[in-house]
Amino acid sequence: MSTWADLLADIRADLKDESNSPKWTDAALYVWVKDAIRDYSRHFPREMEDELTLSGDSYPIPNDFYEDVYVTCPDSRFLERRITQPGVKYETLSTRPTTYWIRGGNLYINGSPDDTDEVTLFYLAFHPVPASAED
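A few points on the structure. Given the structure is predicted, the values throughout are model-derived calculations rather than measurements. (Residues numbered from 1 in each chain as written. Predicted model: local features only at pLDDT ≥ 70, side-chain atom pairs only at ≥ 80, totals over all residues. Heavy atoms only, no water.)

1. Details of the sheet that holds strand β5 (residues 99–103)
One open sheet holds the seven strands; their spatial order is β1-β7-β3-β4-β5-β6-β2, and the pairing between them is mixed. Either end of the sheet is taken by a strand with one partner, and the two such strands are β1 (46–52) and β2 (59–60). Note that β2 and strand β6 (residues 106–109) share two bridges and pair antiparallel. Residue pairing in the sheet places Y59 in a bridge with L107 of β6. (Pairing = 2+ DSSP bridges. Helix = DSSP H or I, 4+ residues; strand = E, 2+ residues; numbered from the N terminus.)

Listed below in structure tokens is the structure:
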């Protein structure tokens, strides 16, 4: 597994900037690499799946979440994505879930799954960036 130091050395070699007084600082290269990784993630995101855990009345989504693909509950049943519209009231069912929506970093479903049913989110995710310039 590569580290930030390995990547930094590769970047400096590609830029031919390996002297004792480099043209670009490590901090500047770190910021540009983070921006590049985020930009790359928007065009070529990772495909992920995660079993979500209920917290209150919603399911918190992962931190690397970029865009939902689909949700299942239970594993064999695909939920329909609900497009929320201002001024429209939606009924919450107490039966099996049929739709889901995402708001404020949480996933909501319109029904009550059985205790044994798992809510699985299939989503596109950002690629991880180095935690710090010293990573």
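2. Considering the packing of helix α1 (residues 4–15) against helix α2 (residues 26–43)
At a closest axis distance of 11 Å, the pairing of α1 and α2 adopts a crossing angle of 100°. The orientation of α1 relative to α2 falls into the category roughly perpendicular. Residues W4, L7, L8, I11, R12 and L15 of α1 pack against D26, L29, Y30 and V33 of α2. Residue composition of the contact of α1 with α2, grouped by class: eight nonpolar, no polar and two charged. (Axes fitted to C-alpha atoms, helices over the stretch in contact; angles between N-to-C directions. Parallel < 35°, antiparallel > 145°, perpendicular 65-115°, else oblique. Contact = heavy atoms within 4.5 Å. Nonpolar A, V, L, I, M, F, W, Y, C, P; charged D, E, K, R; others polar.)

3. Section: the layout of surface pockets
Here the largest pocket is characterised by a volume of approximately 300 Å³. Among the elements of the structure, β1 and β6 are those that each provide at least two residues to the lining of the largest pocket. Looking at the lining of the largest pocket residue by residue, the classes come out as eight nonpolar, four polar and six charged. (1 Å grid on protein atoms, 1.4 Å probe; cavity = no way out; pocket = protein on both sides within 12 Å on 5 of 7 lines; lining within 4 Å. Points joined across faces, edges and corners; volume = space filled by probe spheres on them.)

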